[in-house]
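Residue-level structural notes
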Amino acid sequence: MEHPLTSIRVIDSHTEGEPTRVVLDGFPDLGGGTVAQQLRVLREHHDQYRSAVVNEPRGSDYLVGALICPPSDPRATCGVIFFNNVGYLNACGHGTIGLAATLAHLGRIGPGSHVVETPVGLVTIHLAANGAVSIENVPSYRFAAQVPIRFDWRGRLTTVRGDIAWGGNWFYLVSEHGQTLATDNIESLTEFAWAIRQALERAGTRGDKSVAHGLIDHVELFGPPTRPDADSRNFVLCPGKAYDRSPCGTGTSAKMACLFADGKLAPGQPWRQESIIGSRFVGSIRLDGNALVPTLSGNAHITAEAVLRLDDRDPFRYGIRT
């Protein structure tokens, strides 16, 4: 007796340590329209496919998925929908760099500039002849400065102050936190950042509600770098409670927007952001009228090509949802 199988073709990569799984085919038809409209269809009608790709037993909490889909903008090479273990991302810097490496690996793009349509706007990939990738992100800005948040930290009422900024996702960015940014302290950093995230939700603190509902779903902590070619080190907690292994592209964009607002970063001046594992993005900003446009560069490497199988007999074919 034959049992129906669904096949989903993927290519895995990592960008400065953070994995991306690009979905080439095997998802249901999302009906066309803008990428934002296709995302809505995926979320409301086919969310089990997201879970199947990124959740256990095929995925993990820190894996980011990227579905290639048709763009609505004629300037775009393709559209992309990013997702993780708990839902969907508005944009993803490391994932866009991973997407660029994947498209180049497939021969779909060559050296030059290529536009990608995301749910929150157009992002431009710049692919060098040697395979190096930089991306121009969506315009970024600081929404509010030094917003206080109070929360219980291991039995003590604690207050931190952070900037709220948009870099393609909403971030709460904290420099004065008293934590040690080191790999042997990741469990404590996760607990601390998660406590901040929960406090933000309890307080109803949001960014601009007209932009992705203003939901602050990333918390970013900063400290001094450990490598001489970096300006700062960060720890970024993502929506699914996993930390970003890369320096976080949308988070670095948000950070540069805050630095610019404080007069600490000039257009064209490089900002070298180190991740919690020691990898690095190099960023800069430019002004397009009143809009601040971040550029990020980093390295991505292909790690696997695979066909995922969803067997109707498998009770966990759509992933283990927690």
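Presented here is a report on the structure given in the accompanying data block. Nothing here was measured: the structure is a model prediction, and the numbers come from that model. (Residues numbered from 1 in each chain as written. Predicted model: local features only at pLDDT ≥ 70, side-chain atom pairs only at ≥ 80, totals over all residues. Heavy atoms only, no water.)

Right, let's get into the overall build of the chain. The number of helices and strands found in the chain is five helices and 17 strands. For the chain, whose C-alpha radius of gyration is 19 Å, the value lies close to the compact-globule estimate of 20 Å for 322 residues. Based on the C-alpha atoms only, the size of the chain along its principal axes is roughly 60 × 45 × 35 Å. A total of 322 residues make up the chain; the buried ones form 55% of that total. Here the contacts in the chain between residues at least 6 apart in sequence split such that 63% fall between residues at least 24 apart. When the accessible surface of the chain is summed, it comes to about 13800 Å², and 48% of that surface belongs to carbon and sulfur atoms. Side-chain charges of the chain comprise 30 positive and 33 negative groups, with the mean position of each set lying 4 Å from the other. (Helix = DSSP H or I, 4+ residues; strand = E, 2+ residues; numbered from the N terminus. Rg over C-alpha atoms; globule rule 2.2 N^0.38 Å. Buried < 20%, exposed > 50% of the residue type's maximum accessible area, 1.4 Å probe, protein only. Contact = heavy atoms within 4.5 Å. Areas by Shrake-Rupley, 256 points an atom, 1.4 Å probe, with all protein chains shown as cover. Lys, Arg positive; Asp, Glu negative; His and termini not counted. Charge placed at Lys NZ, Arg CZ, Asp CG, Glu CD.)

Let us look at the pattern of salt bridges. Within this structure, the stated rule accounts for 16 salt bridges. Among the salt bridges present, the one from Arg-321 reaches Asp-47, with a minimum N-O distance of 3.6 Å. Of this pair, Arg-321 sits in the segment after strand 17 (300-311) while Asp-47 sits in helix 2 (residues 47-54); the two residues are 274 residues apart in sequence, bridging distant segments of the chain. Residues Arg-233 and Glu-274 are paired through a salt bridge, measuring 3.4 Å at the closest nitrogen-oxygen approach. Residue Arg-233 is found in strand 13 (residues 232-237), and its partner Glu-274 is found in strand 14 (residues 271-274); the two are separated by 41 residues along the sequence. Neither residue differs from the other here; Arg-233 and Glu-274 are each classed as buried. Linked by salt bridges that have partners in common, Asp-47, Arg-50 and Arg-321 make up one network. (Salt bridge = Lys/Arg side-chain N within 4 Å of Asp/Glu carboxyl O.)

Time to look at the environment of Leu-292. Take Leu-292: it is sitting in strand 16 (residues 291-298). Separated by 151 residues in the primary sequence, Leu-292 and Tyr-141 have C-alpha atoms spaced 6.9 Å apart. In contact with Leu-292, other than residues within four places in its own chain, are Pro-139, Ser-140, Ala-257, Phe-260, Ile-285, Arg-286 and Leu-287.

For the rest of this paragraph, the subject is empty space enclosed by the protein. Across all of its chains, the model carries one cavity of 30 Å³ or more by this definition. Quantified by volume, the largest cavity comes out at close to 150 Å³. Contributing to the lining of the largest cavity are 22 residues, with Val-64, Leu-89, His-218, Cys-238 and Asp-244 lying nearest its centre. Within the residue set of the lining of the largest cavity, elements represented by two or more residues are helix 3 (93-105) and helix 5 (249-261). Considered class by class, the residues forming the lining of the largest cavity number nine nonpolar, nine polar and four charged. (1 Å grid on protein atoms, 1.4 Å probe; cavity = no way out; pocket = protein on both sides within 12 Å on 5 of 7 lines; lining within 4 Å. Points joined across faces, edges and corners; volume = space filled by probe spheres on them. Nonpolar A, V, L, I, M, F, W, Y, C, P; charged D, E, K, R; others polar.)

In terms of burial, helix 2 is a largely internal element, seven of the eight residues being buried. Taken as a whole, helix 2 has its buried residues at Asp-47, Tyr-49, Arg-50, Ser-51, Ala-52, Val-53 and Val-54.

Attention now moves to the environment of Gly-33. Structurally, the position occupied by Gly-33 is in the loop between strand 2 (18-25) and helix 1 (35-45). Take Gly-33: its relative accessible area is 36%, and that puts it in the partly exposed class. Counting along the chain gives 40 residues from Gly-33 to Asp-73, while the straight-line C-alpha distance between them is 9.4 Å.

Take the layout of surface pockets next. Taken as a whole, the largest pocket holds about 500 Å³ of empty space. Lining the largest pocket are 19 residues, with Arg-43, Tyr-88, Asn-90, Ala-212 and His-213 sitting closest to its centre. Among the elements of the structure, helix 1 and strand 5 (88-89) are those that each provide at least two residues to the lining of the largest pocket. Element by element, the count of residues in the lining of the largest pocket is highest for helix 1, at four residues.

Turning to the pairing of strand 8 (residues 133-136), a few remarks are in order. Burial of strand 8 is two-sided: the residues Val-133 and Ile-135 facing one way and the residues Ser-134 and Glu-136 facing the other way are all buried. The pairing of strand 7 (residues 121-127) with strand 8 spans four bridges and is classified as antiparallel. Each bridged residue has a counterpart across the sheet, and for Leu-127 the counterpart in strand 8 is Val-133. As consecutive antiparallel partners, strand 7 and strand 8 are separated by five residues, and within that stretch Gly-131 has a phi angle of approximately 95°, a positive value. Where strand 8 lies against strand 16, four bridges are found, and the strand directions are antiparallel. The partner of Ile-135 across the bridge, within strand 16, is Leu-296. (Pairing = 2+ DSSP bridges.)

Note that every value here comes from positions in space, so none of it alone points to a role or purpose.
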